[in-house]
Amino acid sequence: MAIPDYQTCMLPFLRFLEDGLEHSLGQAEDALAAHFQITPAEQTELLPSGQQRIFRNRIGWARTYLKKAVLIESPRRGIFNITERGKTVLKSDPTRIDAKFLEQFPEFIEFRELSKSDSAAVTLTDTIPSKTTPEEAIEDAYQGLRGQLAQELLSRILGCSPAFFEQLVVELLVKMGYGGSRRDAGERIGQTGDGGIDGIIKEDRLGLDTIFIQAKRWQGSVGRPEIQKFVGALQGQRARKGVFITTSIYTAEAVDYASRIDTKVVLIDGKRLADLMIDFDVGVTPAATYIVKKVDSDYFEDV
């Protein structure tokens, strides 16, 4: 099944603690993974940032909400157990525990009130969808902005000259660590009779090997014949490695062909090109920076 949202995790989390014993968050995660029949692959699935596991993040927020409502408590760092209030709630046999359910407890209301900003008239739980944690809401917003930026980049590239696009590709590869400086690492060919090769870049600073580049500003899909021509051009140069970059997409036949030939050819489509430009700061500039902080538990360890 799909990974449950953090509110769906609340009731099973509390029931896991029903034995009255102390448990760690890791133990709760394993128990809830078994309860929801989460596969090992789903349990290790990461947020887009790659910084946190989705399921662990949602379990963590379920724990936070239950703790703020005093249904569970933490006698020491990383350890939790059910409270008398939590036992009373379970005795009432609720079908679901969520943020709405927790509003009956004054401590939870106080938590929500403290979550308000000085100027905002909404609370933390009001500002995010009911099925996403705050981290997921931030990630979703970031990915949305990134997707819009990628589309704008591709639109700008399609409006540029072929010569500019070829230079852009070489500059991107240099930013990715190939060849060293822009002056020393790559050279643009892109002339009539270039044999299907638009650029050459050194694989490292010493130039122990070279990578040949083909750059195509296409709006239609790139098929196998175009890749075959590029491979033929590589063989004419006795080259072993090539990168074919396009602003569009590749057909399944083109991808299959590139994966089966002896010559190493990497295919980069428009989406991946835009992602790489964003990751390596080519044609983009920072607009704003937000740092999400958390309590440093080690700082308070001896308090």
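Right above here is the structure, for reference.
Residues numbered from 1 in each chain as written. Predicted model: local features only at pLDDT ≥ 70, side-chain atom pairs only at ≥ 80, totals over all residues. Heavy atoms only, no water.

Asks: Outline a nonpolar patch on the surface, listing residues and values.
Replies: On the surface, Val 295, Tyr 299 and Phe 300 cluster together into a nonpolar patch covering about 380 Å² of accessible area. Among the structural elements, Tyr 299 can be located in the segment after helix H14 (270-279). (Patch = residues over 30% accessible without salt bridge, like charges linked within 9 Å, V, L, I, M, F, W, Y side chains within 5 Å. Areas by Shrake-Rupley, 256 points an atom, 1.4 Å probe, with all protein chains shown as cover. Salt bridge = Lys/Arg side-chain N within 4 Å of Asp/Glu carboxyl O. Helix = DSSP H or I, 4+ residues; strand = E, 2+ residues; numbered from the N terminus.)

Asks: Outline the nonpolar core, listing residues and values.
Replies: Counting residues in each nonpolar core, the largest one holds 36 residues, and the members touching the most others are Phe 13, Leu 14, Tyr 65 and Leu 102. Looking at this core, the elements that each hand over two or more residues are helix H1 (10-16), helix H2 (25-35), helix H4 (54-68), strand E3 (79-82), helix H5 (84-91), helix H6 (99-102) and helix H7 (106-114). Sorting elements by how many residues they give to this core places H4 first, with seven residues. Leaving out residues up to four positions away in the same chain, Leu 102 has contacts with Met 10, Tyr 65, Leu 66, Ala 69, Leu 71, Ile 97 and Phe 108. One finds Leu 172, Ile 211, Ile 245 and Ala 274 within the second-largest nonpolar core, a separate group that totals 24 residues. (Core = buried A, V, L, I, M, F, W, Y, C linked by side-chain atoms within 4.5 Å. Buried < 20%, exposed > 50% of the residue type's maximum accessible area, 1.4 Å probe, protein only. Contact = heavy atoms within 4.5 Å.)

Asks: Before we move on, could you go through the layout of surface pockets and cite the residues and values that matter?
Replies: Computed from the structure, the largest pocket encloses a volume of approximately 2,300 Å³. Contributing to the lining of the largest pocket are 45 residues, with Gln 52, Glu 135, Ile 138, Val 292 and Lys 293 lying nearest its centre. Going through the elements one at a time, H4, strand E2 (72-76) and helix H9 (134-158) are the ones with two or more residues in the lining of the largest pocket. Of the residues contributing to the lining of the largest pocket, the split by class is 21 nonpolar, eleven polar and 13 charged. Taken together, 13 residues line the second largest pocket, and the ones lying closest to its centre are Leu 173, Tyr 178, Ile 211, Val 243 and Val 266. Going through the elements one at a time, strand E7 (241-246), strand E8 (264-268) and H14 are the ones with two or more residues in the lining of the second largest pocket. Grouping the amino acids of the lining of the second largest pocket by side-chain chemistry returns eight nonpolar, one polar and four charged. (1 Å grid on protein atoms, 1.4 Å probe; cavity = no way out; pocket = protein on both sides within 12 Å on 5 of 7 lines; lining within 4 Å. Points joined across faces, edges and corners; volume = space filled by probe spheres on them. Nonpolar A, V, L, I, M, F, W, Y, C, P; charged D, E, K, R; others polar.)

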